[in-house]
Amino acid sequence: MTSLRVRIGILGMVLLAGSAVPASPAAAATTPSPTVEERRLDRPVPREILERSGFDAVPLRFTRALGTARSYAEARKVVVRQGSALWKRAVDRAQGRGPTGGDLSRDDDRPLYWARLGMSREVRTWEPSFGLSQEQRAALIGELERTSRGQTAVRYPGGDRLKRVLVTGFDPFTLDRDIRISNPSGASALALDGTVIETAEGPARVETVVFPVRWQDFTDQTVERALRPYLKKVDLFTTVSQGRVGRFDVERTNGAWRGGFPDNDNVGVTGVVPVADPASQPQWTTTTLPYKAIVDADTGRFPVYDNTSVTEIPAGGTLPVVRADGPTAGSAARAGGGGNYLSNEIAYRVTLLRDRLGLHDVLPGGHVHTPVLEFGAGNTDPATGTVTDPGFVQNRLDIIAQVRAILVVAVEKAT
């Protein structure tokens, strides 16, 4: 996800965090219908992806388990258990544990995405005999989102032997352009979660979470709730998303502006990024990753750039201006180096959280854009193409490997 200035195939997370909601005798007046995102499940491509990975059974098992619940409390237990199991199953599959479940390659992030939507659609339209209030339904969906995205599964061992690294990824997006799409940042999160990478400074434990591509979730501060408990505990973090064709970018500057590009519910939002305490909100935040070392290192097949460009409205001005070397004093943000979509926003939110926690000078962190994950030659037409091909798989594997290599460099040079 990246700047709307570059649209030629450039592909740039409502969480309610309470662990329990008191039972309410008042049922919702109407049962919500599936969201735009959930309705895409009925198309042939999602069904094929689920079938060819073995994840087609996940929503069915979830529906049966939810049907056994005789109270809100029982339903919540089902949701937490099944959501956590989905995340674990997706991570295990990506890392070579357990059955493949079909002929879709293990590195694929899409089964997790579509299986989660099958589960959320079930909760959203479920009408249990005991009644479900709107607040309870929303809380169940929130529990499902958090557990199935790894947000409740971050675990670092005690002691000082291991460095601690936190990485985030995203769901697939721009699905109405090509519903076959995969997101290499989400695939990287699955491949890296719970792994130990060896560096010249010793081993580093990587924990990952995945976020949705929805403006409202970010407005509701799902990013801050999910990551705040860990930022004071880790040695390095990087948010990751899909960016430009054929290149990695380490984004130097992040801007406090939403550019309005439609999300996975086809909602577009324009305006200042909404955060807590807006009176102290800066227009810009910056990376503290060792960007020069990352750019200079040989981390893989794709070139890596130190991206310093932004789009700003200069102090006293009225029109946006592209600046190749970062923002000028007093300017208003219109796009960070990573654009003005949700990739820029997650980078802005987490680096702002870092700064507000007083960690700017001691915690290396920032945003990395991966290359666009492209299908192989002859498989580029969404209308006639297949859901996978050898080139597509190799491109994703190469991106995942390079993300891991970038983390090694970042840990070594930030120590």
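Residues numbered from 1 in each chain as written. Predicted model: local features only at pLDDT ≥ 70, side-chain atom pairs only at ≥ 80, totals over all residues. Heavy atoms only, no water.

## What to know about the nonpolar core
Then, number 1: Judged by nonpolar contacts, the single largest core of 40 residues is most densely connected at L66, W114 and L140.
Then, number 2: Those elements that provide at least two residues to this core are helix 2 (44-51), helix 3 (57-67), helix 4 (72-94), helix 5 (110-125), helix 6 (134-148) and helix 7 (184-192).
Then, number 3: If one sorts the elements of this core by residue count, helix 4 sits on top with nine residues.
Then, number 4: L66 has contacts with A75, V78, V79, E122, V123 and W126, leaving out every residue within four places of it along the chain.
Then, number 5: Listed in part, the 26 residues of the second largest apolar core include F248, F302, V304 and L373. (Core = buried A, V, L, I, M, F, W, Y, C linked by side-chain atoms within 4.5 Å. Buried < 20%, exposed > 50% of the residue type's maximum accessible area, 1.4 Å probe, protein only. Helix = DSSP H or I, 4+ residues; strand = E, 2+ residues; numbered from the N terminus. Contact = heavy atoms within 4.5 Å.)

## With respect to the sheet that holds strand 1 (residues 163-170)
Then, number 1: Taken together, the seven strands give an open sheet; going across it, the order is 2-3-1-4-14-5-10, and neighbouring strands pair in mixed fashion. Two strands in the sheet have a free side with no partner beyond their single neighbour: strand 2 (196-199) and strand 10 (304-307). Geometrically, the sheet is characterised by an average inter-axis angle of 30° between neighbouring strands, direction not taken into account.
Then, number 2: Direction of pairing for strand 1 relative to strand 4 (residues 236-242): parallel, over a ladder of four bridges. Of the residues in strand 4, the one forming a bridge with T168 is T239.
Then, number 3: Across the sheet, helix 9 (residues 222-231) is in contact with strand 1, strand 3 (202-211) and strand 4; its angle to strand 3 comes to roughly 160°.
Then, number 4: Sheet strands touched by helix 12 (residues 390-414): strand 1, strand 2, strand 3, strand 4, strand 5 (248-251), strand 10 and strand 14 (365-370). Its angle to strand 2, the strand with the most contacts, is close to 55°. (Pairing = 2+ DSSP bridges. Axes fitted to C-alpha atoms, helices over the stretch in contact; angles between N-to-C directions.)

## Digging into the pattern of salt bridges
Pairing is possible between side chains that carry opposite charge, provided their charged atoms lie close to one another.
Then, number 1: Scanning all chains against the criterion turns up 32 salt bridges.
Then, number 2: Of the charged contacts in the structure, one is a salt bridge between R396 and D108, with a shortest N-O distance of 3.5 Å. Of this pair, R396 sits in helix 12 while D108 sits in the loop between helix 4 and helix 5, and the two are 288 residues apart along the sequence. Residues R396 and D108 agree in their burial class; the two are buried.
Then, number 3: Via salt bridges that share partners, E37, R116, E145, R149, D171, R214 and D217 belong to a single interconnected network. (Salt bridge = Lys/Arg side-chain N within 4 Å of Asp/Glu carboxyl O.)

## Brief notes about the sheet that holds strand 11 (residues 310-313)
Then, number 1: Read across the sheet, three strands follow the order 12-11-13 without closing on themselves; strand pairing throughout is antiparallel. A single partner strand is all that each edge strand has here, and the edge strands are strand 12 (321-323) and strand 13 (332-335). Across the sheet, the mean angle separating the axes of adjacent strands is 40° when strand polarity is ignored.
Then, number 2: The sheet contact formed by strand 11 and strand 13 spans three bridges and is antiparallel. Bridge assignment links E312 to a residue of strand 13, and that residue is A333.

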